Protein chains: 2
Amino acid sequence: MRSLLLLSLLGLTAAAPEKPRTPSDIVASAPESAWQAIPADDLLVIDLKKGGRVVIQLAPEFAPVHVANIRALAKAHWWDKASIYRVQDNYVVQWGKNESTDPLPAGVVAKPPAEYERQLEPVAVHPLGYPDAYAPEAGYAMGWPIGYDRKSGTANLVHCYGYVGVGRDMAPDTGTGGELYAVIGHAPRHLDRNIAVVGRVISGMENMASLPRGTEALGFYKERTSDVPLASAQLASDMPAAGRPSFQQMNTNSPAFADYVRARANRKDDFFIRPAGGVDLCNAPVPIRPAPAG
Amino acid sequence: MRSLLLLSLLGLTAAAPEKPRTPSDIVASAPESAWQAIPADDLLVIDLKKGGRVVIQLAPEFAPVHVANIRALAKAHWWDKASIYRVQDNYVVQWGKNESTDPLPAGVVAKPPAEYERQLEPVAVHPLGYPDAYAPEAGYAMGWPIGYDRKSGTANLVHCYGYVGVGRDMAPDTGTGGELYAVIGHAPRHLDRNIAVVGRVISGMENMASLPRGTEALGFYKERTSDVPLASAQLASDMPAAGRPSFQQMNTNSPAFADYVRARANRKDDFFIRPAGGVDLCNAPVPIRPAPAG
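Residues numbered from 1 in each chain as written. Chains lettered and ligands numbered in written order. Predicted model: local features only at pLDDT ≥ 70, side-chain atom pairs only at ≥ 80, totals over all residues. Heavy atoms only, no water.

Caption draft 1: Fine view of the overall build of chain A. From N to C terminus, chain A includes four helices and 16 strands. Oriented by its inertia axes, the alpha-carbon framework of chain A measures out at about 65 × 55 × 45 Å. For chain A, with 294 residues in total, the buried portion stands at 58%. Considering only contacts within chain A whose residues lie at least 6 apart along the sequence, 71% involve residues at least 24 apart. About 11,500 Å² of surface is accessible on chain A, with carbon and sulfur atoms providing 55% of the total. Separation between the mean location of the 29 positive side-chain charges and that of the 30 negative ones in chain A comes to 3 Å. (Helix = DSSP H or I, 4+ residues; strand = E, 2+ residues; numbered from the N terminus. Buried < 20%, exposed > 50% of the residue type's maximum accessible area, 1.4 Å probe, protein only. Contact = heavy atoms within 4.5 Å. Areas by Shrake-Rupley, 256 points an atom, 1.4 Å probe, with all protein chains shown as cover. Lys, Arg positive; Asp, Glu negative; His and termini not counted. Charge placed at Lys NZ, Arg CZ, Asp CG, Glu CD.)

Caption draft 2: Region of the structure containing the state of the cysteines. All names here are of chain B. In this structure the tally under the stated criterion is two disulfides over all chains. Each sulfur of the disulfide joining Cys160 and Cys282 lies 2.1 Å from the other. Classification of the bridge connecting Cys160 and Cys282 rests on its S-S torsion, roughly -80°, and on that basis the disulfide is left-handed. With Cys160 in the loop between strand 10 (154-157) and strand 11 (163-166) and Cys282 in the loop between helix 4 (255-265) and strand 16 (288-290), this pair connects stretches of sequence that are 122 residues apart. (Disulfide = S-S within 2.5 Å.)

Caption draft 3: Representation of the environment of Asn207 of chain A within the structure. Residue and element names in this part refer to chain A. Inspection of the secondary structure assignment puts Asn207 in helix 3 (residues 206-209). Relative accessible area serves as the criterion here: at 21%, Asn207 is assigned to the partly exposed category. Sequence separation between Asn207 and Gly52 is 155 residues; the distance between their C-alpha atoms is 6.1 Å. Aside from chain neighbours lying at most four places away, what touches Asn207 is Leu48, Gly52, Arg53 and Val54. Polar contacts involving the side chain of Asn207 include one to the main-chain carbonyl oxygen of Arg53, which spans 3.1 Å. (Polar contact = N/O pair within 3.5 Å; in protein donor to acceptor, adjacent residues only side chain to side chain.)

Caption draft 4: Quick look at the relation of the copies chain B and chain A. With an axial shift of 0.0 Å and an RMSD of 0.0 Å, the rotation relating chain B to chain A amounts to 180°. Such a turn and shift between the copies fits a two-fold axis. Same-surface contact between copies: 100% of interface residues of chain B are shared with the interface of chain A. (Least-squares fit on C-alpha atoms with pLDDT ≥ 70 in both.)

Caption draft 5: Layout of the confidence of the model for chain A. For chain A, per-residue confidence averages 93 on the pLDDT scale, and residues scoring 70 or more make up 94% of the total. Here residues 1-16 of chain A is a poorly scored stretch, pLDDT under 50, and it has 51 contacts once near neighbours within four places are set aside; other chains count. (pLDDT = per-residue confidence, 0-100.)

Caption draft 6: Examining the interface of chain B and chain A more closely. Residue-level contacts link 74 residues of chain B with 75 residues of chain A. Where chain B abuts chain A, roughly 6,200 Å² becomes buried across the two surfaces, and 60% of that area is made up of carbon and sulfur atoms. Along the contact surface separating chain B from chain A lie two salt bridges. Taking the shortest distance from any N to any O, the salt bridge between Glu117 of chain B and Arg274 of chain A comes out at 3.1 Å. Taken together, chain B and chain A are joined by 21 residue pairs in polar contact (both at pLDDT 80 or more). Here the residues of the side of chain B that touches chain A are counted per class, giving 38 nonpolar, 17 polar and 19 charged. (Buried area = accessible area lost by both parts, 1.4 Å probe. Salt bridge = Lys/Arg side-chain N within 4 Å of Asp/Glu carboxyl O. Nonpolar A, V, L, I, M, F, W, Y, C, P; charged D, E, K, R; others polar.)

Caption draft 7: Structural detail: helix 2 (residues 64-75) of chain B. Residues and elements named next belong to chain B. Taking 1.5 Å as the rise per residue, helix 2 with twelve residues should run 16 Å; its terminal C-alpha atoms sit 16 Å apart, in good agreement. Looking only at helix 2, the buried set comprises His66, Val67, Asn69, Ile70, Leu73 and Ala74. Within helix 2, the buried residues cover an arc of 155° as seen down the axis, which keeps them to one side. Contact partners of the buried residues in helix 2: strand 2 (43-48), strand 3 (53-58), strand 11, strand 12 (180-183), strand 13 (197-203) and strand 14 (228-235). (Expected span 1.5 Å × (residues − 1). Arc of directions from axis to C-beta.)

Caption draft 8: Spotlight on the sheet that holds strand 1 (residues 35-37) of chain A. All names here are of chain A. An order of 1-15-16 is seen for the three strands of this open sheet, with the pairing classed as antiparallel. The two strands at the open ends of the sheet, each matched to only one other strand, are strand 1 and strand 16 (288-290). Here the average twist between neighbouring strands, direction ignored, is 35°. Pairing geometry for strand 1 and strand 15 (residues 247-250), over three bridges, is antiparallel. Counterpart to Trp35 in the pairing with strand 15 is Met250. (Pairing = 2+ DSSP bridges. Axes fitted to C-alpha atoms, helices over the stretch in contact; angles between N-to-C directions.)

Caption draft 9: Spatial organisation of the pairing of strand 3 of chain B. All names here are of chain B. The element strand 3 is largely enclosed, with a buried count of five among its six residues. In this sheet, strand 3 lies alongside strand 2 in antiparallel orientation, the contact comprising five bridges. Of the residues in strand 3, the one forming a bridge with Ile46 is Val54. Adjacent in sequence and paired antiparallel, strand 2 and strand 3 are bridged by four residues, among which Gly51 carries a positive phi angle near 105°. Across four bridges, the pairing between strand 3 and strand 13 is antiparallel. In the strand pairing of strand 13, Val55 is matched with Ser203.

Caption draft 10: Just the packing of aromatic side chains, in detail. Residues and elements named next belong to chain B. Under the criterion given, the structure shown has ten aromatic pairs over all chains. With 6.1 Å between their ring centres and 10° between their planes, Tyr85 and Phe220 make a pair best called stacked. With Tyr85 in strand 4 (residues 83-87) and Phe220 in the loop between helix 3 (206-209) and strand 14, this pair connects stretches of sequence that are 135 residues apart. Across the pair, exposure class does not vary: Tyr85 and Phe220 are buried alike. (Phe/Tyr/Trp six-rings, centres within 6.5 Å; stacked < 30°, edge-to-face > 60°.)

Caption draft 11: Fine view of the pattern of salt bridges. Tallying each qualifying case throughout the model produces 28 salt bridges over all chains. With its nearest N and O atoms 2.8 Å apart, the salt bridge here joins Asp47 of chain A to Arg53 of chain A. The structure contains a network of salt bridges with shared partners spanning Glu117 and Arg193 of chain A together with Arg274 of chain B.

Caption draft 12: Quick peek at the pairing of strand 2 of chain B. All names here are of chain B. The buried fraction of strand 2 is high, at six of six residues. Along strand 2, one buried face is formed by Leu43, Val45 and Asp47 and the opposite face, lined by Leu44, Ile46 and Leu48, is buried too. Looking at chain direction, strand 2 and strand 14 are connected through five bridges and run antiparallel. Directly across from Asp47, in strand 14, lies its bridge partner Ser232.

In structure tokens:
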């Protein structure tokens with residue numbers, strides 16, 4: 001009996017004509033024209049040795065040099081013997097390999113530029129429409145959540161749950177991309193514009209978020225035997241076409257996406273008593289789905 | 001060598017006189033007068049059968065009837081055979097027991113009022129000072145983060161990471177408190193004012209957040225053998241004084257707390273290049289510490 005509790009939170013109640021459409025309804029009924037294929041070379045596919053796959057969508061639109069590095073590292077099998085060695089609760093999971101003993105493969109830029117923001121123009125932005133504590137305005141562009149500033153003409157990818165950034169030491173170091181982290185807690189937006197954000201986990205996030213937390217300062221594992229080894233990290237485009245993962249994202253300039261954001265801000269299904277009348281950027285994530293078979 | 005990466009994110013760099021004070025510096029050097037003891041009967045201490053303790057601070061200031069229920073349930077050992085049966089990634093961990101087969105103990109109000117908000121007056125509020133997408137204003141009162149509305153004169157506890165709410169079915173049911181959940185992802189602020197928030201996890205959050213995610217819809221575990229049994233859930237005030245957990249919270253009306261929030265919004269230690277100039281309510285959590293021995 002208990003399993004009914006909170007069941008309608010995600011709008012799984014059956015749709016009836018007189019009921020307001022939930023965010024899930026809108027996503028499920030969006031026309032094909034609202035969906036865009038995610039290119040196979042934008043997908044970094046990580047398999048953990050103990051089992052479990054994590055798929056990361058890369059964001060070349062925002063961090064082209066870092067993403068090129070990540071692609072080169074994947075092609076060189078750089079991470080095949082890397083490990084997750086840091087899991088800090090409500091913060092990040094981090095993985096990589098010792099760059100001082102394992103030299104970077106050819107083609108990797110050792111000191112990439114600070115790709116912390118990009119030009120706003122000529123990108124078409126869908127404004128979130130609600131206030132943001134971290135940027136003059138918040139919205140979506142090219143399938144990604146952004147903070148932006150019309151005055152300076154800049155836009156930046158934001159640190160939401162599941163977003164992936166490049167570990168670095170003190171500035172002006174920007175990191176090579178050899179060490180990456182994924183956010184496993186409340187969006188640490190204070191990292192925006194201080195770190196290169198290079199993508200987001202779009203599948204298998206639970207394989208990172210449920211890892212045991214490290215007991216040392218900042219969530220580092222105390223013993224190397226606690227590290228979680230990767231089996232491989234490769235681009236989907238380098239996998240056989242038949243079995244590789246394939247995803248689509250909702251076009252953030254489509255009418256369906258505008259409906260979806262509006263519905264996330266005004267939840268009206270049976271469970272909700274008081275719609276918020278607002279939503280923050282990380283609570284209206286861009287819908288992603290496996291590419292339909294065919 | 002790799003462990004240096006991101007090391008200064010939490011302001012663990014050594015303090016030097018000429019450097020701006022980090023949030024951690026401010027907390028560490030706050031005077032004793034900035035700290036308040038948390039009453040022992042506001043602490044619900046959950047021990048998991050497999051090991052691991054989770055301490056929840058209750059919020060009678062916001063949900064007095066639900067908190068009274070929770071205290072009565074704890075005293076009746078209601079949860080001693082309960083389980084965690086739902087773990088939904090980036091959302092909640094939920095636990096409880098079948099109320100239809102295990103009748104509620106005496107003294108538990110079966111249908112509590114909708115304690116979703118309270119009167120703002122005469123509470124002293126420390127305003128956050130930055131915009132919030134979910135409430136006209138955001139701030140802190142009596143040690144808790146709140147959304148508030150001066151026009152309607154109401155204030156509500158918010159759903160931040162680690163915050164605990166009362167599972168319920170469809171409104172006007174408000175839940176008894178027998179089923180509780182804790183937030184394990186980005187703050188689901190759309191639940192604010194739709195559910196009774198009754199407290200927050202102040203210790204052992206990693207024991208909930210790292211649990212395997214359920215594979216059924218909404219994160220329910222498929223098999224009952226996957227459920228995570230509780231060993232006990234008791235009030236600290238019912239435990240022997242010698243060994244019971246004891247915590248303090250920072251007074252949210254203290255000058256140290258104002259400094260802390262300001263520093264969270266303007267991170268200036270060596271790692272940060274561009275302070276955000278803002279912070280959201282859930283990224284400036286009220287500092288909590290174990291009560292100093294003595």
